[in-house]
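# Topology and contacts: notes
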Amino acid sequence: MDQSSLSYAVKLYIYDLSRGMARQLSPLMLGKQLDGIWHTAIVVHGEEFFYGGEGIANCPPGGTQLGQPNSIVDLGQTEVTEEIFMEYLSSLGESTYRSDRYHLFEHNCNTFSNEVAQFLTGSKIPAHITDLPSEILSTPFGQALRPILDSITISPPGGSSFNGQR
């Protein structure tokens, strides 16, 4: 079979790290409604890929301790082969998405998913996910919590890291 004509499904797995608490508590604490505190991952070539405080990691789809995603968005198709994709991720893991570059608000799982989605499909992930940090920080409570939140790293257990980072 001619490999140049193959395409592969690309999906965005979306998890609510608050497990519903953001929806309940955000109006009281932030003065605005948040539907969730989103963690995202890209699923392609039969694996789930994500970025956290320990660098880029992968696992079987839904294989972290977060369990099954709250929702799945079909991002389209890619013609990027698994070999090329793994080289791309390895390069990102050695540069832009090393573990020491993680930052909860500015350089997180969602910025990783957004960049990888654009590489694979030319499309971005939904803006309500990438805009979440600025929504939180635009509130007085978000500003008050920023020093504490800046020290938090998120790494869903259950994945295997690239470049020996874990």
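What comes next concerns the included structure.

Rules behind the numbers
- Residues numbered from 1 in each chain as written.
- Predicted model: local features only at pLDDT ≥ 70, side-chain atom pairs only at ≥ 80, totals over all residues.
- Heavy atoms only, no water.
- Helix = DSSP H or I, 4+ residues; strand = E, 2+ residues; numbered from the N terminus.
- Buried < 20%, exposed > 50% of the residue type's maximum accessible area, 1.4 Å probe, protein only.
- Phe/Tyr/Trp six-rings, centres within 6.5 Å; stacked < 30°, edge-to-face > 60°.
- Pairing = 2+ DSSP bridges.
- Expected span 1.5 Å × (residues − 1).
- Contact = heavy atoms within 4.5 Å.
- Polar contact = N/O pair within 3.5 Å; in protein donor to acceptor, adjacent residues only side chain to side chain.

## Considering unusual backbone geometry
Notably, R19 is not glycine yet its phi reads approximately 50°, a positive angle. By the secondary structure assignment, R19 is in the loop between β1 (8–16) and α1 (21–30). Relative accessible area serves as the criterion here: at 61%, R19 is assigned to the exposed category. One non-glycine residue, H45, lies in the positive phi region at around 55°. Among the structural elements, H45 can be located in the loop between β2 (38–44) and β3 (47–52).

## Some details on the packing of aromatic side chains
Counting across every chain of the model gives seven aromatic pairs. On the numbers, 5.1 Å between centres and 80° between planes, the contact of F49 with F85 is edge-to-face. Highlighted residues: F49 in strand β3 and F85 in helix α2 (residues 82–94), separated in sequence by 36 residues. In this structure F49 comes out as buried when scored by relative accessible area, which is 2%. The buried category is assigned to F85, whose relative accessible area is 0%. Ring-pair connections join several aromatic residues into one group, and the members of that group are F49, F85, Y88 and F119.

## Some remarks on the pairing of β1
Bridging between β1 and strand β5 (residues 71–78) involves seven bridges; their strand directions are antiparallel. When the bridges of β5 are listed, I14 appears paired with S71. Direction of pairing for β1 relative to β2: antiparallel, over a ladder of six bridges. Bridge assignment links D16 to a residue of β2, and that residue is W38.

## Regarding α2
Taking 1.5 Å of rise per residue, 13 residues should cover 18 Å, and α2 covers 18 Å from first to last C-alpha, within 8% of that figure. The secondary structure elements touched by the buried residues of α2 are β2, β3, β4 (55–59) and α3 (109–121).

## Considering the side chain of S26
Mapped onto the elements of the fold, S26 is located in helix α1. For S26, a relative accessible area of 4% translates into the label buried. One polar contact links the side chain of S26 to the main-chain carbonyl oxygen of A22, over a distance of 2.7 Å. If we skip the residues at most four places from it in the chain, S26 touches M21, G31, K32, Q33 and L34.

## Looking at the side chain of N58
Tracing the backbone shows N58 in strand β4. Side chain to side chain, N58 and E47 meet in a polar contact 2.9 Å long.

## Some details on the environment of L6
Along the chain, L6 turns up in the segment before β1. Its relative accessible area of 23% is what places L6 among the partly exposed residues. Sequence separation between L6 and Q77 is 71 residues, and the spatial gap between their C-alpha atoms is 9.6 Å.

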